[in-house]
Amino acid sequence: MDETRGRITRDGIRIYEAEDFAGMRAAGRLAAHILDEVAPLVQPGTTTEVLDAFIERRVAELGATSATIGYKGYQHASCISVNHVVCHGIPGPKILKDGDILNIDVTVILDGWYGDTSRMYVAGALNRKAERLIQVTHDALFRGIAAVKPGNTFGDIGHAIQTFVEANRMSVVRDFCGHGLGRVFHAPPNVLHYGRAGTGAVLEEGMFFTIEPMVNLGRPETKVLADDWTAVTRDKSLSAQFEHSVGVTATGCEIFTLSPAGKFHPTWG
């Protein structure tokens, strides 16, 4: 396929064609399938590098390529963010403890299309505060997805997420956002998880992008550690994130990264 086909809006957002949805659907399903497969391995006593090694192996076995290995020097097939790590946690020898919560983020390339998704996992028993954080973050993502339809704006997505999170006395991270994708990993627009309704670019059929709210139990501020990747909450409060890749349809949107096994939420399945 010609990567330049379709059109670009005045906001720099690519509009894909109807037949392009199939490529995104396949890539998204594969990424989600790998996250289904890794779920049983998330247990107290394992390490994040063991989880990443499994993901790297499965990406290759399933005929895809990792989008993150080699991306800006990154050397892993996933980002694994534990407890107060907001995003971009680097897999390593860290041993998971009972009650740890973690986000695993995987992006694959399949036949030139990018499938990008993340979800929360729990090692062992889930405590009540973490459970509530995970539930609010999950529900906030789907509030944002519900706002995706032609004629709405990206501000409508952010507003839906922000108002829900803050009504639950939690905070939305502002330092990181969702992004356009398709035949590339990152492209316009920036998809903010906060904002005012009716503002920002207007949604059109054929737009592909991620929605991936990060929600903190404490304040929204983050800092990036010396490794130039790992982002943590400044107040060391717990953080959670869920991510789907979506495409705008004539009447709403299609979620490309639904869990084939129904395990997107850590307490399901």
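The model shown is predicted, which means the values in this text are computed figures rather than measured ones.

Caption draft 1: Region of interest: helix H2 (residues 48–61). With 14 residues, H2 should reach 20 Å at 1.5 Å per residue; the first-to-last C-alpha distance of 20 Å fits that figure. Taken together, the buried positions of H2 are Thr48, Leu51, Asp52, Phe54, Ile55, Arg58 and Val59. Buried residues of H2 fall within an arc of 160 degrees about the axis and therefore sit on the same side. Residues of H2 that are buried make contact with helix H1 (20–38), strand E3 (65–66), strand E4 (79–82) and strand E6 (101–110).

Caption draft 2: Representation of the sheet that holds strand E8 (residues 171–172). Pairing is antiparallel in the open sheet, where three strands are placed in the order E8-E12-E15. Because the sheet does not close on itself, it has two edges, and the strands there are E8 and strand E15 (239–241).

Caption draft 3: Quick look at the layout of surface pockets. In this structure, the largest pocket occupies an estimated 410 Å³ of space. Around the largest pocket, the lining is made up of 24 residues, and of these His88, His179, Phe185, His186 and Glu212 lie nearest the centre. Of all the secondary-structure elements, those providing two or more residues to the lining of the largest pocket are E6, strand E9 (178–180) and strand E10 (187–191). By residue number, the principal contributor to the lining of the largest pocket is E6, which donates three residues. Considered class by class, the residues forming the lining of the largest pocket number eleven nonpolar, eight polar and five charged.

Caption draft 4: Region of the structure containing unusual backbone geometry. Looking along the chain, the bond that leaves Pro188 and enters Pro189 is cis, with omega of 5 degrees. Its place among the elements puts Pro189 in strand E10. In this structure, Asp111 takes a positive phi of about 55 degrees despite not being glycine. As for its position among the elements, Asp111 is in the loop between E6 and strand E7 (113–122). Positive phi is not limited to glycine here, since Arg169 has a value of about 60 degrees. Within the secondary structure, Arg169 is located in the loop between helix H4 (154–167) and E8.

Parameters at a glance
Residues numbered from 1 in each chain as written. Predicted model: local features only at pLDDT ≥ 70, side-chain atom pairs only at ≥ 80, totals over all residues. Heavy atoms only, no water. Helix = DSSP H or I, 4+ residues; strand = E, 2+ residues; numbered from the N terminus. Expected span 1.5 Å × (residues − 1). Buried < 20%, exposed > 50% of the residue type's maximum accessible area, 1.4 Å probe, protein only. Arc of directions from axis to C-beta. Contact = heavy atoms within 4.5 Å. Pairing = 2+ DSSP bridges. 1 Å grid on protein atoms, 1.4 Å probe; cavity = no way out; pocket = protein on both sides within 12 Å on 5 of 7 lines; lining within 4 Å. Points joined across faces, edges and corners; volume = space filled by probe spheres on them. Nonpolar A, V, L, I, M, F, W, Y, C, P; charged D, E, K, R; others polar.

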